[in-house]
Amino acid sequence: MKLTAKRKEQARTAYLFIGFPLILFLVFTFFPIIFAFYISFYDWNLLIPDKPFVGLANYFELFQDRVFLISIKNTLVYTIGVVPIQTLLALVLAFIMNQKLRGRAFFRLAFYIPAVTSSVVTSIIFVWIYSKPGLLNYLLSLIGVEGTDYLTNPGTALFAIMALNIWTTSGYFMISFLAGLQSIPQTLYEAAKIDGANQWQQFWKITVPMVRPVTYFVVVLGLIGCFQVFDQIYVMSSGGPVNSTTTMSYFTYNNSFKFFRLGYGAASAVVLAFIIFGATAMQKKYFPSEAY
Amino acid sequence: MKNGQNFLAFIILAFVLVASCSPPGSDTMRLSSWVSSPSETELYKQTLANFRDQNPDTDFKYEPIPGNYSEKLQLMLGTRTAPDLFYLKGMTAPSYMSFGILNPLDELIAQTPDFDVDDFYPFALEAFQLDGVQYGLPKDFNPYVLFYNKKLFREAGIDTIPTNWKEFEQMCTQLTKDLDSDGKSDQFGFIVEPSVEMVMPFVYQNNGHFQNPDGSLGITDEPFIEALEFYYGLYQKGIATIGQDQGVTWNGDAFGREISAMAISGGWLMPFMKDNYPDVDYGVAPLPAGKRRATVAFTTAYSMPKSTKFEGEAWQLLDFLVGKEGMSSWTNTGVAMPTRRSVAEENGFHEHPIYKVFMESAEFASPFQVQYSERGFEEVVVAFQAIFFTDKPPRKAMEDIESQIKKYRLVGSKNN
Amino acid sequence: MKKIKLQKLLFYGVLLLMTFIYIGPFLFSLSISFNAEQDVFSWPIKLIPDEWTLDNYQRVWRDLPFGQWLFNSIAITIVQTITNVFFASLAGFAFARLEFPGKNIIFAVLLGSLMIPGIILLVPKFIILNEFYLINTYAGLMLPGLVTVVNIFLMKQFFETIPKDLEEAALIDGCSYFRIFWQIFLPVSKPALAAVAIYTFQGSWNEFMWPVIVTTTRDMFTLPVGMAFLKNEFSVQWPLLMAGTILISLPTLAIFLFFQKYFVQGVASAGLKG
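Computed from a predicted model, the values in this text were never measured in an experiment. (Residues numbered from 1 in each chain as written. Chains lettered and ligands numbered in written order. Predicted model: local features only at pLDDT ≥ 70, side-chain atom pairs only at ≥ 80, totals over all residues.)

Details of the overall build of chain C
Argument step 1. Across its full length, chain C holds 14 helices and zero strands.
Argument step 2. Along chain C, from the amino end to the carboxyl end, the secondary structure elements read α-α-α-α-α-α-α-α-α-α-α-α-α-α.
Argument step 3. Relative to the 2.2 N^0.38 estimate, which gives 19 Å for 274 residues, the radius of gyration of chain C is 24 Å and therefore markedly larger than a compact globule would have.
Argument step 4. If one aligns the C-alpha atoms of chain C with their principal axes, the spans along those axes are about 75 × 70 × 35 Å.
Argument step 5. Out of the 274 residues in chain C, the part that is buried amounts to 49%.
Argument step 6. Across chain C, every contact between residues at least 6 apart in sequence was considered, and the portion connecting residues at least 24 apart equals 76%. (Helix = DSSP H or I, 4+ residues; strand = E, 2+ residues; numbered from the N terminus. Rg over C-alpha atoms; globule rule 2.2 N^0.38 Å. Buried ≥ 20, exposed ≤ 12 C-beta atoms within 10 Å, placed from the backbone. Contact = placed C-beta atoms within 7 Å.)

What follows is the structure, given as structure tokens:
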């Protein structure tokens, strides 16, 4: 009797404790998911009170929309280009930071600064760096190379933004790897040294396999982040030139809040969500984490 | 337990208080415009101050909208946070009018006996009418004219101004120079911009249209393509430059820095030059003619949202701003031309050496208004970028987007 | 011996070059922000200004609504940081220490929601807030980010490492769960709370996509949104822009410098257990 009363009190307390977050998630996460599908079946324009049901028409239109198809391509190029490089770079940086070296705290801070800075700030700085009379071309001119205007050249704009992304996030993921590295027993390395393995061999034979769970986590986060890249595109190129930097999330934004076709925008977001699910599922299948 | 509940309640209450303390002020009327050059803003504030002096009882808040004006305004209209009086671009007016979100002004005009609506130039009024209803009142207009740098003209030994395409191209060639002899030109005859508005004057001069009078799309018709090829050709031949190559953001800046000897712009370039490049000696001329004389004119109106709670106050302000006095004070520096005949005549716009060029251009100017949604414009801009940045042939670029753009034709008034 | 020295030299050389790549852009933007000339695009560019000035910083304050944006950013960041620390630890405590029906299911569903890409929520969230007339209000800016699942998860993980006997004595004494949470758990959880706070602070301060959609008038902008608009408006005035970017970056940088330890812990624990 006493026990159940106590149980009841415990449950009541627990619900009170989690109540507020739960309501918030219901309103701003779980309901919106269902609502997103609902909206995507309508021709939903905020300026027009009449919102007709159009069935799958938005989806059919999406796959005939050249810009949407380009945006899928751009997003894939972006992700496939950024994720492996930033992951490897983060691991290398973490490996270096894990060595005994002078001024480690300083170097760690230096690599981490881009990651804690607002994406708008880094984007603005890089707009200047990438412009025709900017820093990058100045440095290139010192070695006698004449560069272009990287953000208005359709051949380079996407890659320029990808480079910026790698620059900002590699320091962030370095910290994740650093924690993983510190949990590797030193004895492994010592044994390897006795066997005469050099630093590179140690890196590939011990470090890389041992941090596999962290790698899994970093790759998943990297995938989700890259698939949804928005801030840099918005600030630096607005999707141009010639749609060469229109990514899927920018496409969603543009159609929803610029052309005001919220139903169409929601449909493109639904497609993007499925692509992200597919990518992470594929990763799970072909590159399983051994942490579980 | 009690303790905990009280604390929780306190936190939630505190949050609610903080969150609700200041929704944006909906207790006074709001006026919005886009942001232009500092001197233009100064002038506008002066005009508003005059209104305040005369109407101390009508309170309002001026909130300029920076950045992408049309996009933000649209968002505001859709979220019921729109200002009670705002600038409406003639170019976007058809879509806004078709959405039925603007307040009809006819009754207000009729109730104000000395408003004198017939004083407006008809072309400016008509840009803001749909099915005979007036949704905006034009505050000013601005045709594209040719700005030329007198010093650079003299240096190149040119003592006339171009009157047709052939002369224009010839002078561009003469004005393009490699001043530091490094094998690359650093002074150009002209500066181009991959935008629809900039190409349209040449299209009109070539008897072409974006949207033909019969409503069909004109962008793959011969006159349009020819004009586009001529415009792009100037850049391709290296006798015109483009903003991106010079690290400038707009044509006026390149003109001010004397990177380009000629530029096409509206009157807004004049206050910009005065603020930033006061020493550059320039002249203004009508655009060179093609098969006929033509240019594009922009008109801007004041409109109110249907949802406004301050109709009376907003009208009072609108009446002042487009009234004879307000328009005189706004247009007297030449930033834009008056849309009232009486204002233009009384202030000598037809006699003024520079303003008269604008007034004359108005005689053969066409407004740029088409029945396509923003997405349609976006497609054209992208196609233009492909031409200028990737050397895509103009004809191919236009043919590729033709069918896509047809989909963005506005279907007219959807409600009532 | 000589070979090792050379290797070391090479190693430090590469390290310094990397460091330069990572912080160089900030140093240059700092240098531009003190440049007295507005025209920094004269070629070849000057990395060090000829004439130094603080004028650009003054202009940011005087000519722009920087103060208002700063206020908005601070208000949102502080409210979200406090609510996140409080509600995430409270909920984390419930999930770690209390038994109640549906606990596992609820927690699994919450964790699952981490897999949902934020972009799909954008349009529906916007429409919902618009229905409640919350677009362009502080409530609209703050509400969706008051608590995040990641923070609840972090706190739960941390509380589970606290030994049970700590609270058992208190329970026997008849203490309420809230008192146990408040007086026993919170005081020993400072590192985790700090990690959550710093995380949230950085996230809210830098958030861009949501405020850009939910604010429509200039007086409601946050600093990043304001700067993005300035980029369009004053894009020829680099010294001014750079002064603004430096000012925005200072708070997160300062917090990172002071609380580096917690920051690294937070990222690390999220990384290992996620």
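Focus: the overall build of chain B
Argument step 1. A tally of regular secondary structure across chain B gives 19 helices and 13 strands.
Argument step 2. Relative to the 2.2 N^0.38 estimate, which gives 22 Å for 416 residues, the radius of gyration of chain B is 24 Å and therefore close to what a compact globule would have.
Argument step 3. Taken along the three principal axes of its C-alpha coordinates, chain B extends 85 × 60 × 45 Å.
Argument step 4. For chain B, restricting intrachain contacts to residue pairs at least 6 apart in sequence, the fraction spanning at least 24 positions comes to 73%.

Quick notes on the sheet that holds strand β10 (residues 262-265) of chain B
Residue and element names in this part refer to chain B.
Argument step 1. If you trace the three strands from one edge of the open sheet to the other, you get β10-β7-β11, paired in antiparallel fashion. Bordering the open sheet on either side are β10 and β11 (282-285), each of which pairs with just one other strand. Between one strand and the next, the sheet's axes are offset by a mean angle of 25 degrees, whatever the strand orientation. (Pairing = 2+ DSSP bridges. Axes fitted to C-alpha atoms, helices over the stretch in contact; angles between N-to-C directions.)

Regarding the packing of helix α18 (residues 374-390) of chain B against helix α19 (residues 394-406) of chain B
All names here are of chain B.
Argument step 1. Close contact between α18 and α19 brings their axes to 9 Å; oriented N to C, the two are set at 160 degrees. The orientation of α18 with respect to α19, classified from their angle, is roughly antiparallel. Both α18 and α19 take part in a crossing whose hand is right-handed. Contacts from G376, E379, V380, A383, A386 and I387 in α18 reach P394, A397, M398, D400, I401, Q404 and I405 in α19.
Argument step 2. Taken together, the residues that form the contact of α18 with α19 break down as nine nonpolar, two polar and two charged. (Parallel < 35°, antiparallel > 145°, perpendicular 65-115°, else oblique. Left-handed = near helix turned anticlockwise from the far one by under 90°. Nonpolar A, V, L, I, M, F, W, Y, C, P; charged D, E, K, R; others polar.)

Here's the deal with the pairing of β10(B)
Residues and elements named next belong to chain B.
Argument step 1. Here β10 shows no split at all, with M262 and I264 on one side and A263 and S265 on the other all buried.
Argument step 2. Inspection of the sheet shows strand β7 (residues 145-149) paired to β10 by four bridges, in the antiparallel sense. Along β10, the bridge assignment pairs F147 with A263.

Digging into the interface of chain A and chain B
Argument step 1. Counting residues at the interface gives 23 residues for chain A and 23 residues for chain B.
Argument step 2. Contributions of two or more residues to the side of chain A that touches chain B are made by α1 (2-40) and α12 (248-258) of chain A.
Argument step 3. Of the residues assigned to the side of chain A that touches chain B, the class counts are 13 nonpolar, five polar and five charged.

Section: helix α3 (residues 69-78) of chain B
All names here are of chain B.
Argument step 1. Of all 10 residues making up α3, seven are buried, and the element is well covered by its neighbours.
Argument step 2. Among all positions of α3, only K72, L73, Q74, L75, M76, L77 and G78 are buried.
Argument step 3. Of the residues trailing α3, R80 is marked for its positive phi of about 55 degrees.

Focus: helix α10 (residues 190-206) of chain C
Argument step 1. Between the first and last C-alpha of α10(C) there are 24 Å, a value that for 17 residues agrees with the 24 Å anticipated at 1.5 Å per step.
Argument step 2. Most of α10(C) is tucked away, with 13 of its 17 residues classed as buried. (Expected span 1.5 Å × (residues − 1).)

Observations regarding the interface of chain A and chain C
Argument step 1. Listed by partner, the interface residues are 63 residues for chain A and 64 residues for chain C.
Argument step 2. A per-element tally of the side of chain A that touches chain C places α1(A) first, with 18 residues.
Argument step 3. Looking at the side of chain A that touches chain C residue by residue, the class counts come to 48 nonpolar, 14 polar and one charged.

What about the nonpolar core?
Taken as a class, soluble globular proteins show a tendency for nonpolar side chains to be buried jointly.
Argument step 1. Core analysis: the largest hydrophobic core is formed by 285 residues, its most contacted members being M174(A), A269(A), F147(B) and V196(C).
Argument step 2. Beyond its immediate sequence surroundings of up to four residues, M174(A) is in contact with A90(A), L93(A), A94(A), M97(A) and F111(A). (Core = buried A, V, L, I, M, F, W, Y, C linked by C-beta atoms within 7 Å.)

Examining the environment of V192(B)
Residues and elements named next belong to chain B.
Argument step 1. In this fold, V192 is placed in strand β8 (residues 190-192).
Argument step 2. Given 24 C-beta atoms within 10 Å, V192 falls into the buried group.
Argument step 3. Distance in space between the C-alpha atoms of V192 and F388 is 9.5 Å, their sequence separation being 196 residues.
Argument step 4. Those residues in contact with V192 that sit more than four places away from it in its chain are M198, Y231, L234, Y235, A240 and I242.

Here's the deal with the environment of I213(C)
Argument step 1. Relative to the assigned elements, I213(C) resides in helix α11 (residues 209-214).
Argument step 2. Along the primary structure I213(C) and L141(C) are separated by 72 residues, whereas in three dimensions their C-alpha atoms are 9.5 Å apart.
Argument step 3. Here I213(C) is in contact with F257(A), L122(C) and F126(C), once residues within four sequence places are set aside.

Description of unusual backbone geometry
Argument step 1. In this structure, D391(B) is a non-glycine residue whose phi angle is positive, near 60 degrees.
Argument step 2. For D391(B), the position within the fold is in the loop between α18 and α19.
Argument step 3. Looking at D391(B), the number of C-beta atoms within 10 Å reads 9, which means it is exposed.
Argument step 4. At N136(C), a residue that is not glycine, the phi angle is positive and equals roughly 65 degrees.
Argument step 5. Structurally, N136(C) is set in the loop between α5 (119-131) and α6 (138-142).
Argument step 6. With 22 C-beta atoms counted inside 10 Å, the residue N136(C) sits in the buried group.

Digging into the packing of helix α2 (residues 38-54) of chain B against helix α15 (residues 324-331) of chain B
Residue and element names in this part refer to chain B.
Argument step 1. For the pair α2 and α15, interaxial distance at closest approach is 9 Å and the crossing angle is 155 degrees. Looking at the two axes, α2 sits roughly antiparallel to α15. Of the two elements, α2 crosses α15, and the hand of that crossing is right-handed. Across the interface between the two elements, L43, T47 and N50 from α2 touch G326, S329 and W330 from α15.
Argument step 2. Tallied by class, the residues present in the contact of α2 with α15 amount to two nonpolar, four polar and no charged.

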